[in-house]
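What the coordinates show
The chain contents come next:
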Amino acid sequence: MTLGLFDEAPAPYTAPEVIAPGAALLRGFALEMDEVLLQAVEAVTAAAPLRHLVTPGGYTMSVAMSNCGALGWVSDRSGYRYDARDPLSGKPWPPMPAGFAQLALRAAAQAGFENFRPDACLINRYEPRARLSLHQDKDEGSMDAPIVSVSLGLPAVFLFGGLSRSDRPARYRLQHGDVAVWGGPSRLAYHGVAPLARGEHARLGAQRINLTFRCAR
Ligand code: MD6
Ligand code: FE
């Protein structure tokens, strides 16, 4: 990672911070490979550009998305689904970079989920004011595997609630290099991202990149 002259050095990775049964934050876990990850994001999004999807309800999402891996998450007027092809190009999504799969496997294991082999990686780009309202990740074929989510760039407030939409979510500040994992009894927890605050990140400028790994099959 590169630090600007006046940036504070982040603390090195220590131990998982359990936030709910089956859910943990691994602060700084991805820091040591941030440059590898970001170069892979650049390669993937050159082939499958980030785009603002439309929800089934007709709203354009403020978060721009792309995917890599065998399956990609997409949304349009007909619904949410996983698709083996990028609807923009009609071609398969770019393959999952080796470093992505390895990071996801190691992060899941740290949180107690062994043998995590994701077949989908959703790439999200947040610009200031972009947000993701509370939702459950339930389009995957199996609920046995966890979700692994990697934060890069500007910090964001991650909202993590319970199994009911009405459970008031806790708020966690996720910074560059932090990883969140949720599975088991938290697999269907409601979660979201509060509107991104303005800012400038030394490597990424005015954006946050999030990588979300899933077993979609
Ligand atoms: C995040 N993203 O950006 C978390 N879920 O930190 C998600 O939870 C998410 O971006 C389902 C579909 C798209 C997403
Ligand atoms: Fe989600």
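Structure report, in brief. As the structure is a computational prediction, the values presented were derived from the model and not from experiment.

**Topic: helix H1 (residues 34-47)**
Along its 14 residues, H1 runs 20 Å from first to last C-alpha, staying within 8% of the 20 Å computed at 1.5 Å per residue. All of the buried residues along H1 are Asp34, Leu37, Leu38, Ala40, Val41, Val44 and Thr45. The arc that holds every buried residue of H1, seen down its axis, measures 160°, which confines them to one face. Every exposed residue of H1 that faces more than 90 degrees away from the buried side is listed here: Val36, Ala43 and Ala46. For H1, the elements touching its buried residues are strand S3 (64-68), helix H2 (98-110), strand S6 (120-126), strand S8 (147-153) and strand S13 (208-214).

**What to know about the pattern of salt bridges**
One pass over the full model with this rule turns up twelve salt bridges. One salt bridge connects Asp83 with Arg81, and the closest N-O pair in it is separated by 3.5 Å. Taking the relative accessible area as the measure of exposure, Arg81 reaches 28% and is therefore partly exposed. Taking the shortest distance from any N to any O, the salt bridge between Arg214 and Glu140 comes out at 3.1 Å. Of this pair, Arg214 sits in strand S13 while Glu140 sits in the loop between strand S7 (132-135) and S8, and the two are 74 residues apart along the sequence.

**Concerning the site of ligand 1**
Taken together, 13 residues are adjacent to ligand 1, and Asn124, Tyr126, His135, His191 and Arg208 come closest. Within the side chain of Arg208, one N or O atom sits 3.0 Å away from an oxygen atom of ligand 1. Asn210 places a polar side-chain atom, nitrogen or oxygen, 3.1 Å from an oxygen atom of ligand 1. Within the complex, 97% of the 350 Å² of free accessible area of ligand 1 lies under protein. Placement of ligand 1 is best described as lying within the largest pocket. Breaking the shell around ligand 1 down by element, the ones donating at least two residues are S6, S7, strand S12 (191-193) and S13. Tallied by class, residues from the shell around ligand 1 come to five nonpolar, five polar and three charged.

Rules used in this analysis
Residue indices follow the written sequence of each chain, beginning from 1 at its first position. To label them, take the chains in the order written and letter them from A, then take the ligands in the order written and number them from 1. Residue-level local features of this predicted model are given only where pLDDT is at least 70; pairs of side-chain atoms are given and counted only at 80 or more, and the full residue set underlies all totals for whole chains, interfaces and linings. Only heavy atoms go into the side-chain values, all of them from the structure, while hydrogens and water stay out. A run of H or I in DSSP becomes a helix once it reaches four residues, and a run of E becomes a strand once it reaches two; helices and strands are each numbered from the N terminus. Given a helix with a known number of residues, its expected span is that number minus one, times 1.5 Å. For every residue, the accessible area obtained with a 1.4 Å probe (protein chains only) is divided by the maximum for its type, and the residue is called buried under 20%, exposed over 50%, and partly exposed between those limits. Regarding the arc, it is the one traced by the directions from the helix axis to the C-beta atoms. Only heavy atoms enter the contact rule, under which two residues are in contact if any of them lie within 4.5 Å. When a carboxyl oxygen of Asp or Glu lies within 4 Å of a side-chain nitrogen of Lys or Arg, that pair is called a salt bridge. One heavy atom within 4 Å of a molecule or strand makes the whole residue count as near it. Throughout this description, a polar contact denotes any pair of N or O atoms lying within 3.5 Å of each other; where both atoms belong to protein, one of them has to be capable of donating a hydrogen while the other can accept it, and for residues adjacent in sequence the pair is counted only when both atoms sit in side chains. Only the protein chains shown count as cover for residues, with accessible areas throughout obtained via the Shrake-Rupley method and a probe of 1.4 Å. Every definition here rests on a 1 Å grid over the protein atoms only: cavities are sets of points where a 1.4 Å probe fits but cannot get out, pockets are open sets enclosed by protein on both sides within 12 Å along at least five of seven lines, and lining residues have some atom within 4 Å of a point. A pocket or cavity is taken to hold a molecule when more than half of that molecule's atoms are within 2 Å of the pocket's grid points. Throughout this entry, Asp, Glu, Lys and Arg are counted as charged residues, while Ala, Val, Leu, Ile, Met, Phe, Trp, Tyr, Cys and Pro are counted as nonpolar. The remaining residues, Gly among them, count as polar.

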